[in-house]
Amino acid sequence: MHFACKWRRAGTICPPPACRLLYFPCLPPTGETILSLLENHFKLKEHGTDVRTELLAGLTTFLTMAYIIFVNPSILGSAGMPTDAVFVATCLAAALGSLIMGLYANYPIALAPGMGLNAYFAFIVVKQMGLSWEVALGAVFISGCLFLLVSLFRLREMIINGIPASIRVAIAVGIGLFLGLIALHNAGIVVPNKDTMVTMGDLHSAPALLAIIGFFVIVALDKLKVKGAILIGILLVTVLSFFFAGNKFMGLVSAPPSLAPTLFKLDIMGALSVGILNVVLVFFLVELFDATGTMMGVASRAGFLVNGKMARMNKALMADSCAIVAGAALGTSSTTAYIESAAGVQAGGRTGLTAVAVAILFLCCLFLSPLASVVPAYATAPALLYVACLMLRELGEIDWNDTTESIPAAITALAMPFTYSIATGVAFGFISYAVLKLLTGRAREVKAAVWVIAALFLFKFIYLGGG
């Protein structure tokens with residue numbers, strides 16, 4: 001059969017539709033055939049790129065966001081989740097999300113469990129509100145399903161356009177402040193005080209000193225455009241902890257831990273209770289803003305925007321929402337698009353092959369669980385603080401001359417760290433925005449989405465209590 005193939009006898013590449021279907025023994029395809037398949041699927045020439053460029057771009061993106069495989073288990077582990085299983089879930093969710101984005105939407109945008117959302121999951125939903133992590137996973141699953149429906153029925157633009165830009169910016173800033181507080185606490189730089197609420201910790205302690213060193217290393221390396229600056233900072237502090245903080249090396253490579261402790265452990269029925277209405281709503285809103293903002297930002301840098309719109313935005317959002325649902329089933333907080341994808345775009349990535357490369361690298365990380373298990377909280381604290389600082393730059397987009405816009409934004413951002421609740425900050429922001437517009441005779445400026453969300457949060461405070 002092999003010699004019956006006329007294309008192979010002629011010394012040319014077997015056309016996939018004919019040779020592969022009629023003369024299966026001619027497979028596996030040659031290297032040239034693989035390149036041809038990649039070209040046909042990702043339209044590499046059309047986007048002005050090639051396989052080598054896309055793979056290097058994928059490596060660049062991966063190095064800038066690989067810190068999440070250490071940070072996410074650390075944060076979710078503080079909520080009582082088994083860190084080994086969370087490590088596996090993080091790698092799988094990132095790989096699956098990036099793979100869907102690359103193959104389905106054909107964008108060089110990588111996905112992984114989102115920063116900020118994991119903090120809300122662990123520190124607010126579980127530790128402060130007292131819900132089990134299984135219920136919290138159920139809430140993430142429901143929010144992902146809502147996001148999927150919004151994307152499927154193309155309701156995203158109506159919702160996004162209905163919510164004020166100042167509130168969207170304030171949510172990002174508030175989460176940044178919240179992350180900053182967590183980072184400083186994990187580093188031992190800020191500690192509780194019964195008289196002043198918080199105070200400075202012992203800066204002579206090894207964890208605090210190592211965290212400070214790690215932070216400055218990350219900022220300096222990033223400014224010098226060193227790829228993987230955040231990851232290098234985390235690994236540096238971890239290595240130093242073996243010498244100065246009594247940490248013990250447990251190995252580098254091993255078989256992946258079991259995913260069983262978190263796989264399909266989500267409690268959907270528990271999450272459907274009215275008492276956690278604000279939990280699902282906050283997950284949904286932040287996922288929506290984060291995904292849309294990130295994708296638009298990366299698309300802008302890549303030159304994909306035409307008249308301010310992405311050609312395949314709905315496909316990209318569908319990929320994002322599928323990743324949220326899958327991630328919750330695997331056992332991790334919301335999976336979302338990463339702004340670090342812009343680093344890969346800067347390196348030349350223009351198609352989904354970049355995201356596919358990121359997915360493969362995350363799968364390879366499954367064998368690094370011993371390293372992930374010895375990364376202390378004060379090693380990931382510098383990364384959290386750096387991400388927090390970057391999130392504050394959005395403040396410049398707020399119109400500070402219009403107090404009906406700037407005051408609700410400020411309340412949103414300040415309430416998150418001071419009430420130790422992202423949900424409360426979002427609630428205060430929407431309610432104050434609606435009230436101030438109403439009292440100043442500008443109620444017509446408020447879109448229906450704001451009234452609905454503000455009413456839901458007000459109902460929650462009045463009839464279901466705070467928190």
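Residues numbered from 1 in each chain as written. Predicted model: local features only at pLDDT ≥ 70, side-chain atom pairs only at ≥ 80, totals over all residues. Heavy atoms only, no water.

A. Quick look at the layout of surface pockets. Its volume calculated, the largest pocket comes out at about 1700 Å³. Within the residue set of the lining of the largest pocket, elements represented by two or more residues are α10 (165-186), α11 (206-223), α12 (229-244), α14 (277-302), β6 (335-337), α16 (341-346) and α19 (377-391). Ranked by residue count, the leading element in the lining of the largest pocket is α14, at 9 residues. The residue inventory of the lining of the largest pocket, partitioned by class, reads 25 nonpolar, 10 polar and 11 charged. (1 Å grid on protein atoms, 1.4 Å probe; cavity = no way out; pocket = protein on both sides within 12 Å on 5 of 7 lines; lining within 4 Å. Points joined across faces, edges and corners; volume = space filled by probe spheres on them. Helix = DSSP H or I, 4+ residues; strand = E, 2+ residues; numbered from the N terminus. Nonpolar A, V, L, I, M, F, W, Y, C, P; charged D, E, K, R; others polar.)

B. Representation of unusual backbone geometry. Despite not being glycine, K43 shows a phi value in the positive range, around 55 degrees. Along the chain, K43 turns up in the loop between α3 (31-42) and α4 (51-65). A positive phi angle, near 55 degrees, is found at N106, a position not held by glycine. Relative to the elements of secondary structure, N106 occurs in the loop between α6 (83-105) and β1 (111-113). The class for N106 is buried, based on a relative accessible area of 10%. (Buried < 20%, exposed > 50% of the residue type's maximum accessible area, 1.4 Å probe, protein only.)

C. The packing of aromatic side chains, seen in detail. Enumeration according to the criterion identifies 6 aromatic pairs in this entry. Ring geometry for F242 against F249: centres 5.8 Å apart, planes inclined by 80 degrees, an arrangement best described as edge-to-face. The partly exposed category is assigned to F242, whose relative accessible area is 23%. The ring centre of Y104 lies 5.2 Å from the NZ or CZ of K315, which sits over that ring. (Phe/Tyr/Trp six-rings, centres within 6.5 Å; stacked < 30°, edge-to-face > 60°. Lys NZ or Arg CZ within 6 Å of the ring centre and 35° of its normal.)

D. Focus on the packing of α11 against α12. At a closest axis distance of 8 Å, the pairing of α11 and α12 adopts a crossing angle of 155 degrees. Classified by the angle between their axes, α11 and α12 sit roughly antiparallel to one another. Note on packing geometry: the crossing formed by α11 with α12 is right-handed. On α12, the residues touching A206, L210, G214, V217, I218, L221 and D222 of α11 are A229, I230, I232, G233, L236, V237, L240, S241 and F244. Of the residues belonging to the contact of α11 with α12, the class tally is 12 nonpolar, 3 polar and 1 charged. (Axes fitted to C-alpha atoms, helices over the stretch in contact; angles between N-to-C directions. Parallel < 35°, antiparallel > 145°, perpendicular 65-115°, else oblique. Left-handed = near helix turned anticlockwise from the far one by under 90°. Contact = heavy atoms within 4.5 Å.)

E. Main features of the pairing of strand β3 (residues 197-200). Bridging between strand β2 (residues 190-193) and β3 involves 4 bridges; their strand directions are antiparallel. Of the residues in β3, the one forming a bridge with N193 is M197. (Pairing = 2+ DSSP bridges.)

F. Layout of the environment of V450. Mapped onto the secondary structure, V450 falls in helix α22 (residues 448-463). V450 gets classed as buried once you look at its relative accessible area, which sits at 1%. In this structure the C-alpha to C-alpha distance between V450 and Y433, which are 17 residues apart in sequence, comes to 8.4 Å. V450 has contacts with G162, I163, P164, F430 and Y433, leaving out every residue within four places of it along the chain.

G. Looking closely at helix α8 (residues 133-152). Helix length check: α8 (20 residues) gives 28 Å between terminal C-alpha atoms against 28 Å at 1.5 Å per residue, within 8%. Positive phi appears at R154, one or two residues downstream of α8, with a value of about 55 degrees. (Expected span 1.5 Å × (residues − 1).)

H. Representation of the nonpolar core within the structure. F121, M295 and F430 are the most contacted members of the largest nonpolar core, which totals 126 residues. With 15 residues, α14 is the single largest residue contributor to this core. Apart from the residues lying within four places of it in its own chain, the contact partners of F430 are I163, I167, L285, V450, I453, A454 and F457. (Core = buried A, V, L, I, M, F, W, Y, C linked by side-chain atoms within 4.5 Å.)

I. Region of interest: the pattern of salt bridges. Scanning the entire structure with this criterion turns up 4 salt bridges. We note a salt bridge from D402 to R442, for which the minimum N-O separation is 2.9 Å. Of this pair, D402 sits in the loop between α19 and α20 (403-418) while R442 sits in the loop between α21 (422-439) and α22, and the two are 40 residues apart along the sequence. On the accessibility criterion, R442 (26% relative accessible area) is partly exposed. The residue E445 makes a salt bridge to K437 at a minimum N-O spacing of 2.9 Å. Its relative accessible area of 40% is what places E445 among the partly exposed residues. (Salt bridge = Lys/Arg side-chain N within 4 Å of Asp/Glu carboxyl O.)

J. Focus on helix α5 (residues 68-77). Taken across its 10 residues, α5 has 8 buried, putting it largely inside the fold. Looking at α5, one finds that the buried residues are I68, I69, F70, V71, N72, P73, I75 and L76.

K. Summary view of the confidence of the model for the protein. Of the residues in the protein, 91% have a pLDDT of 70 or more, and the chain-wide mean is 86. Segment residues 1-13 is flagged for pLDDT under 50; beyond a separation of four residues in sequence, or across chains, it makes 22 contacts in the model. Scored below 50 in pLDDT, residues 17-25 shows 16 contacts in the model against residues more than four places distant or in partner chains. (pLDDT = per-residue confidence, 0-100.)

L. Just the side chain of S143, in detail. The residue S143 is located in helix α8 in this model. Using a relative accessible area of 0% as the deciding quantity, one classes S143 as buried.

M. Looking closely at the side chain of T332. Looking at where T332 falls in the secondary structure, it is placed in the loop between α15 (313-330) and β6. With relative accessibility at 0%, the residue T332 sits in the buried group. Discounting residues that sit within four places of it in the chain, T332 has contacts with N72, L76, A89, T90, A93, P113, L137, V140 and G327.

N. Geometry of the environment of E134. Within the secondary structure layout, E134 lies in helix α8. The residues touching E134, leaving out its near neighbours within four places in the chain, are K265, L266 and D267.

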